[in-house]
Amino acid sequence: MNDRTVNGRMVNDRIIFEDVSKFYGEILGVNRVNLSIPPGITSLVGPNGSGKTTLMNLMTGLVKPTRGRIQVLDYKIDDPENLFRVLGYSTQFDAFPKGLTGFQFVYSYLRLSGRDSRSAERLAWRAIERVNLVEAAKRKVAGYSKGMRQRIRLAQALSHDPKVLVLDEPLNGLDPLARSEMIALFRSTAAAGCYVIISSHILHEVDVISDQVILLSNGYVVAEGQIQNVRSEIQEHPTQILIRCSRPRELAAKMFEYEHTIEVSIHKDERGLLLKTRDADRFYLALNELAVNGIEIESIAPADDDVLSVYEYLIGNEEAVR
Amino acid sequence: MKPMMKRIWWEQIKAVVRLEMKKTFFAKRGLWIYVVAALPVMLFIAFAMATSHQQAGRASIARQSERPLNHQDLLAVKPGMTNQEVISVLGKPPVSFQWTENRPAETEKAPSIEVLHEDYHYSDGQNDLFVDLVGGKVEQINIQQGNNLGQDSVMFAGVFQFFFLRLAVFFGCLGIFMNLFRGEILDRSLHFYFLAPIRREVLMAGKFLAGLLATCTIFVTSEILQTVAFLWHFSPSGRDLYLYHNHGLEHAAIYVGVTLLACVGYGAFFLVAGMLFRNPIIPAAAILIWEGINPFLPTVLKQFSVIYYLKSLCPVAIPTPPGMPPLMALLISTSDPVAAPIAVLGILVVALAALYVSSLQVRRMEINYTTE
């Protein structure tokens with residue numbers, strides 16, 4: 001389903017993992033991973049050691065799978081010469097070639113691609129501008145703060161306009177302003193039809209930017225897809241819905257008449273209620289009827305279809321990361 | 001292979017070389033390589049200074065002689081001649097020293113005998129003659145020959161083969177080539193290269209070329225400086241004679257060529273060793289032993305070493321000193337030497353084989369710093 005025909009040639013427009021496992025000796029990295037990643041922002045979510053970085057290193061050929069097959073669009077991971085023309089990877093490795101300035105770091109990377117000096121210089125400055133590091137570009141990377149190092153790595157990954165951008169904990173070390181700038185950058189890149197793969201262990205961070213998530217635990221993929229879809233598939237946990245309305249107590253009483261309602265609590269300001277239901281679809285039908293019969297509904301919002309809640313439901317409180 | 005592809009690979013190799021040059025030439029952990037390369041130069045400078053000092057002393061003594069002497073004059077003095085005969089042949093000695101020895105009498109009652117000892121020192125400006133006279137007669141003569149190009153070129157060959165090739169170039173290549181990949185793994189910066197759109201084999205070729213440029217520059221410079229220092233104390237006419245009429249220039253060029261080939265051979269060995277081993281001491285010791293036992297190996301195995309071909313190419317054979325134990329003699333002899341074209345080809349084949357193994361290994365390499 002991932003292949004399409006362009007000019008009579010079959011092309012793959014997904015990042016594919018087929019039954020991929022990676023073991024470091026006897027230590028499990030990831031096991032039996034099957035993924036098909038579409039364009040947009042995809043977040044790899046999981047605590048430290050869950051396999052996020054391994055998955056990214058596998059995707060970029062820095063480590064080889066013990067078993068299985070990986071394909072990034074039309075490229076195999078053992079073909080760096082072509083793979084990295086469409087892929088940029090900002091790693092978590094915090095070491096740089098010695099003695100380079102920020103500009104030289106990005107420029108050298110572009111020269112390694114075989115670009116001439118003029119083109120490499122132009123692209124390097126453009127990438128450095130995109131991450132707001134122009135003023136520090138002529139300083140040695142060794143003297144950079146953690147956030148600046150993060151940004152120069154991002155500039156390197158972005159410098160050749162890759163179709164696939166793989167970013168390992170890209171918001172680490174950034175101040176709030178820089179975070180919002182970077183998030184805007186990821187969104188604009190994804191909006192241009194690119195694949196942006198982000199790893200994070202900060203769930204509320206990825207919640208706001210991800211088109212889809214891949215939840216990892218102990219080397220296994222425990223769920224993947226759009227977060228709302230993932231949430232709706234978790235039947236054993238009731239859906240929580242926050243309703244703002246004019247007469248919350250009256251609405252609560254009416255709702256208890258339905259068998260799918262489990263629990264209702266009135267908000268302190270008496271202007272809303274939190275309801276738990278085991279069937280969200282039937283709840284919404286019932287609410288429509290009640291609204292027609294005079295209860296004024298201001299807003300309805302799911303209260304637990306964020307990444308944190310889903311992760312807690314799937315992995316358990318003790319492993320969920322905050 | 002498309003010409004466009006070849007052009008990109010060449011651009012990429014140049015980019016790798018540019019990045020590597022600074023590291024290979026100016027790395028703090030590589031400073032000892034300069035010291036090792038400079039040691040034989042220092043040795044020849046010290047030798048040149050000592051020889052020049054000796055020559056100045058000889059010239060001064062020659063000037064003080066009553067008449068100019070030549071080597072034949074010095075050889076004319078024979079044991080048993082009287083001091084007057086010596087003076088009549090060579091003139092009054094420019095430097096002399098005498099002392100009296102009290103020899104005990106043959107019988108206890110007889111008085112002791114006084115014996116006059118005289119030492120004469122002559123020089124023709126190149127060679128020294130020391131004449132020891134006892135009781136007015138020549139008892140012993142000692143002619144010390146001045147700098148002799150034949151002997152000195154054998155000494156140069158000995159230093160080149162046993163110190164420069166086997167130790168300086170060997171360990172210098174170890175220090176530079178083993179660190180091309182291993183050093184970056186230790187610094188945790190190898191991923192920078194692995195994330196670029198570059199074939200791993202092209203990356204390896206670029207790194208090898210960078211190492212080769214560094215080692216060739218350092219050791220060829222050292223070799224040229226050694227030759228300059230070696231020739232320093234000769235007179236201009238002596239230098240011309242050696243360089244243009246005694247194969248000196250040809251030998252100097254061959255030594256430079258052998259140095260370049262040594263860098264290629266050892267460089268390729270240590271490049272692959274740096275990928276296969278975490279600890280450089282193990283492959284260094286293994287290769288050093290392998291190269292060391294080369295003379296004792298069967299001919300088939302000899303061909304898998306670098307020193308076997310390098311020794312065959314060296315222009316001056318080192319003679320085996322008389323009385324040397326057979327094992328030692330075997331070590332310094334060029335046993336089963338091969339013709340120069342075969343030796344050059346042999347080194348290149350050995351190097352290419354090592355580079356082929358490196359290319360297989362570099363494709364398999366993973367970034368997993370935590371296990372290093």
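Quantities reported herein were computed from a predicted structural model and do not represent experimental measurements. (Residues numbered from 1 in each chain as written. Chains lettered and ligands numbered in written order. Predicted model: local features only at pLDDT ≥ 70, side-chain atom pairs only at ≥ 80, totals over all residues.)

Each helix and strand in chain B was counted, giving 15 helices and 4 strands. Against the 2.2 N^0.38 benchmark of 21 Å for 372 residues, chain B shows a C-alpha radius of gyration of 29 Å, more extended than a compact globule. Summarising its shape, the C-alpha atoms of chain B cover approximately 100 × 45 × 40 Å along the three principal directions. Restricting to contacts in chain B with at least 6 residues of sequence separation, those with at least 24 account for 77%. (Helix = DSSP H or I, 4+ residues; strand = E, 2+ residues; numbered from the N terminus. Rg over C-alpha atoms; globule rule 2.2 N^0.38 Å. Contact = placed C-beta atoms within 7 Å.)

Once that is clear, we can look at the sheet that holds strand β3 (residues 128-134) of chain B. Residues and elements named next belong to chain B. The sheet built from 4 strands is open, its strands ordered β1-β2-β3-β4 with antiparallel pairing. Two strands bound the open sheet, and with one partner strand each, they are β1 (95-103) and β4 (137-144). Averaged over all neighbouring strand pairs, the angle between strand axes comes to 15°, with direction disregarded. Two elements, strand β2 (residues 113-123) and β3, share 7 bridges in a ladder whose sense is antiparallel. Pairing of Tyr 122 across the sheet is with Leu 129, part of β3. Taken strand by strand, helix α4 (residues 83-90) contacts β2, β3 and β4, and its axis lies near 10° from that of β2. (Pairing = 2+ DSSP bridges. Axes fitted to C-alpha atoms, helices over the stretch in contact; angles between N-to-C directions.)

What follows deals with the interface of chain B and chain A. Facing 24 residues of chain B, the contacting portion of chain A comprises 25 residues. Of the residues forming the side of chain B that touches chain A, the biggest block, 8 residues, is contributed by helix α1 (residues 3-26) of chain B.

Here we take up the sheet that holds strand β6 (residues 67-72) of chain A. Residues and elements named next belong to chain A. In spatial order, the strands read β4-β3-β6-β7; together these 4 strands make up an open sheet with antiparallel pairing. Each edge of the sheet is formed by a strand with only one pairing partner; in this case those strands are β4 (27-37) and β7 (75-76). For β6 and β7, the ladder comprises 2 bridges, and the chain directions are antiparallel. The partner of Val 72 across the bridge, within β7, is Tyr 75.

Let us now look at the domain arrangement of chain A. Taken domain by domain, chain A holds domain 1 (3-231) and domain 2 (238-303). Between the C-alpha centres of domain 1 of chain A and domain 2 of chain A there is a distance of 42 Å. (Domains from an automatic or database assignment.)

As assigned here, chain B comprises domain 1 (3-54 + 148-371) and domain 2 (60-144). The centre of domain 1 of chain B, based on its C-alpha atoms, is set 52 Å off from the matching centre of domain 2 of chain B.

The next thing to look at is the environment of Gly 30 of chain B. Residue and element names in this part refer to chain B. Relative to the helices and strands, Gly 30 is located in the loop between α1 and α2 (31-64). Judged by local crowding, Gly 30 falls into the partly exposed class, with 18 C-beta atoms found within 10 Å. Taking C-alpha positions, Gly 30 is 19 Å from Ala 262, a pair spaced 232 residues apart along the chain. The residues touching Gly 30, leaving out its near neighbours within four places in the chain, are Thr 24, Gly 175 and Ile 176. (Buried ≥ 20, exposed ≤ 12 C-beta atoms within 10 Å, placed from the backbone.)

Residues and elements named next belong to chain B. Between its first and last C-alpha, α1 extends 35 Å over 24 residues, near the 34 Å set by a 1.5 Å rise per residue. Largest kink in α1: about 35°, centred on Glu 20. Among the residues making up α1, those that are buried are Gln 12, Ile 13, Ala 15, Val 16, Val 17, Leu 19, Glu 20, Lys 23 and Thr 24. (Expected span 1.5 Å × (residues − 1). Bend = angle between axes of the 7 residues up to and from the residue.)

Our focus in this paragraph is the packing of α1 of chain B against helix α8 (residues 200-231) of chain B. All names here are of chain B. Two numbers describe how α1 lies on α8: the axes approach to 8 Å, and their chain directions differ by 45°. Judged on the interaxial angle alone, α8 and α1 are oblique. Pair α1 / α8 crosses with right-handed handedness. Between α1 and α8, the residues in contact are Trp 9, Gln 12, Ile 13, Val 16, Val 17, Glu 20, Met 21, Thr 24 and Phe 25 and Val 202, Leu 203, Ala 205, Gly 206, Lys 207, Leu 209, Ala 210, Gly 211, Leu 213 and Ala 214, respectively. When the residues that make up the contact of α1 with α8 are grouped by side-chain class, the tally is 13 nonpolar, 4 polar and 2 charged. (Parallel < 35°, antiparallel > 145°, perpendicular 65-115°, else oblique. Left-handed = near helix turned anticlockwise from the far one by under 90°. Nonpolar A, V, L, I, M, F, W, Y, C, P; charged D, E, K, R; others polar.)

Phi is positive for Leu 73 of chain A, close to 55°, though the residue is something other than glycine. Summarising the element assignment, Leu 73 of chain A is placed in the loop between β6 and β7. Look at Leu 73 of chain A and you get partly exposed, because 17 C-beta atoms sit within 10 Å. If you check the backbone angles, Arg 188 of chain B has positive phi at about 60° while not being a glycine. Residue class for Arg 188 of chain B comes out partly exposed when judged on the 16 C-beta atoms lying within 10 Å of it.

Moving on to the packing of helix α3 (residues 102-112) of chain A against helix α5 (residues 146-158) of chain A. Helix-helix packing: each pair is described by the crossing angle between the helix axes and the interaxial distance. All names here are of chain A. Packing of α3 against α5 brings their axes to within 9 Å, and their N-to-C directions diverge by 25°. Here α5 runs roughly parallel to α3, going by the angle between their axes. Note on packing geometry: the crossing formed by α3 with α5 is right-handed. Of α5, the residues touching α3 (which contributes Gly 102, Phe 105, Val 106 and Tyr 109) are Ile 152, Ala 155 and Gln 156. Among the residues forming the contact of α3 with α5, the class breakdown is 5 nonpolar, 2 polar and no charged.

Our focus in this paragraph is helix α10 (residues 280-292) of chain A. Here α10 of chain A is 13 residues long and its end C-alpha atoms lie 19 Å apart, about the 18 Å a rise of 1.5 Å per residue gives. Directly beyond the C-terminal end of α10 of chain A, a positive phi value near 110° is found at Gly 294 of chain A.

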